[in-house]
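# Coordinates in review
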Amino acid sequence: MPSKSAIQRARKDKREGKSPSTQAGEFVREEIEHVREGKHGARSTKQAIAIGLSEARSAGVDVPAKGKAAKKSSAKKSTAKKSSTKKSATKKSATKKSASKKAATKKTASKKTASKTTARKSSETKATRSRAATKALKKEGSAAASKRALSRQGHQAAAKRSAADRSAAAKKAARTKGAKGRSAAAKKAARTRARRSGD
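So, how was this worked out
Residues numbered from 1 in each chain as written. Predicted model: local features only at pLDDT ≥ 70, side-chain atom pairs only at ≥ 80, totals over all residues. Heavy atoms only, no water. Helix = DSSP H or I, 4+ residues; strand = E, 2+ residues; numbered from the N terminus. Buried < 20%, exposed > 50% of the residue type's maximum accessible area, 1.4 Å probe, protein only. Contact = heavy atoms within 4.5 Å. Areas by Shrake-Rupley, 256 points an atom, 1.4 Å probe, with all protein chains shown as cover. Axes fitted to C-alpha atoms, helices over the stretch in contact; angles between N-to-C directions. Parallel < 35°, antiparallel > 145°, perpendicular 65-115°, else oblique. Left-handed = near helix turned anticlockwise from the far one by under 90°. 1 Å grid on protein atoms, 1.4 Å probe; cavity = no way out; pocket = protein on both sides within 12 Å on 5 of 7 lines; lining within 4 Å. Points joined across faces, edges and corners; volume = space filled by probe spheres on them. Nonpolar A, V, L, I, M, F, W, Y, C, P; charged D, E, K, R; others polar. Salt bridge = Lys/Arg side-chain N within 4 Å of Asp/Glu carboxyl O.

## Brief notes about the overall build of the chain
For the chain, the count of helices and strands is 7 helices and 0 strands. Residue burial in the chain is summarised as follows: out of 199 residues, 15% are buried. Taking as baseline every contact in the chain between residues at least 6 positions apart, the subset at least 24 positions apart corresponds to 63%. Of the accessible surface of the chain, which amounts to about 15,700 Å², a share of 57% is contributed by carbon and sulfur atoms.

The following block contains the structure:
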C-alpha cells in the first residue's frame, strides 16, 4: 500500500499539470526507499520500478501499461466486450419469451449467490497472493536499489529511445522546470563538471 505522503505528492503533481509518469515517479521513489530501508528486497531494478508503477495505477494515476500488462488489459477489455454483447442478446430473447420469466428470475437469484461466493474466493486468493509476494520479496536483496543499479537502468532505458525523443524530453523539462529549477540544475551541472575535472 502506498503511503499518504506519496499519494499527496502525486496529487500535487497532478494539480500542477505534470504528466502521469511524473506522478507515478513519487510511488517509484517510495518503493526504492523501501528496498533501501530493508522493508523488502527486489530481484532487479526493473522489478522495483514495476511495483511502484503498479501502486501508482492502484492509487488512480493514469499510467499506460506496457508489455505483458498491456496484453492482459487488452484481453480483459475484449472479454468484457464479448460478455456485454452476449448479455444484450440474452436480454432481447428474454423480452420475447414472457413465459420463461420465472425461470429467468430463479437463474438471476442463483447467479447472485454464485457471484457472492466467487467474490469471496477471489478476495481470499488476492490476500494469499499478496502475502506470498511480500514473503518472496523479503528474501531478495537490496542491491537493485543502489545508485549504480539505478544509474545503469536509466542509461539502458535512455539508450532504447531515439536521439530526437531524448532531445524533445530535455527541451520539455527545461520549459516546465521554471527559473529556479533551471538555476539549480545549472549549479548542479557546474559542480559535477568541477568534480570530474578534478578527478
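## So, the environment of Ala65
By the secondary structure assignment, Ala65 is in the loop between helix 3 (45-58) and helix 4 (68-96). The partly exposed category is assigned to Ala65, whose relative accessible area is 29%. Once the C-alpha coordinates of Ala65 and Leu53 are considered, the two residues, 12 residues apart in sequence, prove to be 9.0 Å apart.

## Some words on the packing of helix 1 (residues 4-15) against helix 2 (residues 20-37)
Following both chains from N to C, one finds helix 1 and helix 2 inclined at 160 degrees, their axes separated by 8 Å at the closest point. Judged by the inter-axis angle, helix 1 sits roughly antiparallel to helix 2. In terms of crossing hand, the pair formed by helix 1 and helix 2 is right-handed. Together, Ser5, Ala6, Ile7, Arg9, Ala10, Asp13 and Lys14 of helix 1 and Thr22, Gln23, Glu26, Phe27, Arg29 and Glu30 of helix 2 make up the contact between the two elements.

## Overview of the layout of surface pockets
The rolling of a water-molecule-sized probe over the atoms marks out the regions of remaining empty space. Taken as a whole, the second largest pocket holds about 900 Å³ of empty space. Ala50, Ile51, Ser54, Ala133 and Leu137 are the residues nearest the centre of the second largest pocket, which is lined by 24 residues in total. Elements that contribute at least two residues to the lining of the second largest pocket include exactly helix 3, helix 4 and helix 5 (101-139). Here the element with the most residues in the lining of the second largest pocket is helix 5; it accounts for 8 residues. Looking at the lining of the second largest pocket residue by residue, the classes come out as 8 nonpolar, 6 polar and 10 charged.

## Concerning the pattern of salt bridges
All told, the structure shown has 7 salt bridges when counted by the stated rule. Measuring nitrogen to oxygen at the nearest pair gives 3.3 Å for the salt bridge that ties Glu16 to Lys18. Judged by relative accessible area, Glu16 falls into the partly exposed class, the value being 46%. Owing to a relative accessible area of 38%, Lys18 belongs among the partly exposed residues under this scheme. We note a salt bridge from Glu33 to Arg29, for which the minimum N-O separation is 2.7 Å. Of the two residues, Glu33 and Arg29 both sit in helix 2, 4 residues apart, roughly one turn of that helix. Taking relative accessible area as the criterion, Glu33 reaches 33% and is therefore assigned partly exposed.

## Brief notes about the packing of helix 3 against helix 6 (residues 147-160)
At their nearest, the axes of helix 3 and helix 6 sit 10 Å apart, and the two run at 80 degrees to each other. Put simply, helix 3 runs roughly perpendicular to helix 6. In this structure, helix 3 uses Thr45, Lys46 and Ile49 to contact helix 6, whose residues at the interface are Ala149, Leu150, Gln153 and Lys160. Split into classes, the residues belonging to the contact of helix 3 with helix 6 amount to 3 nonpolar, 2 polar and 2 charged.

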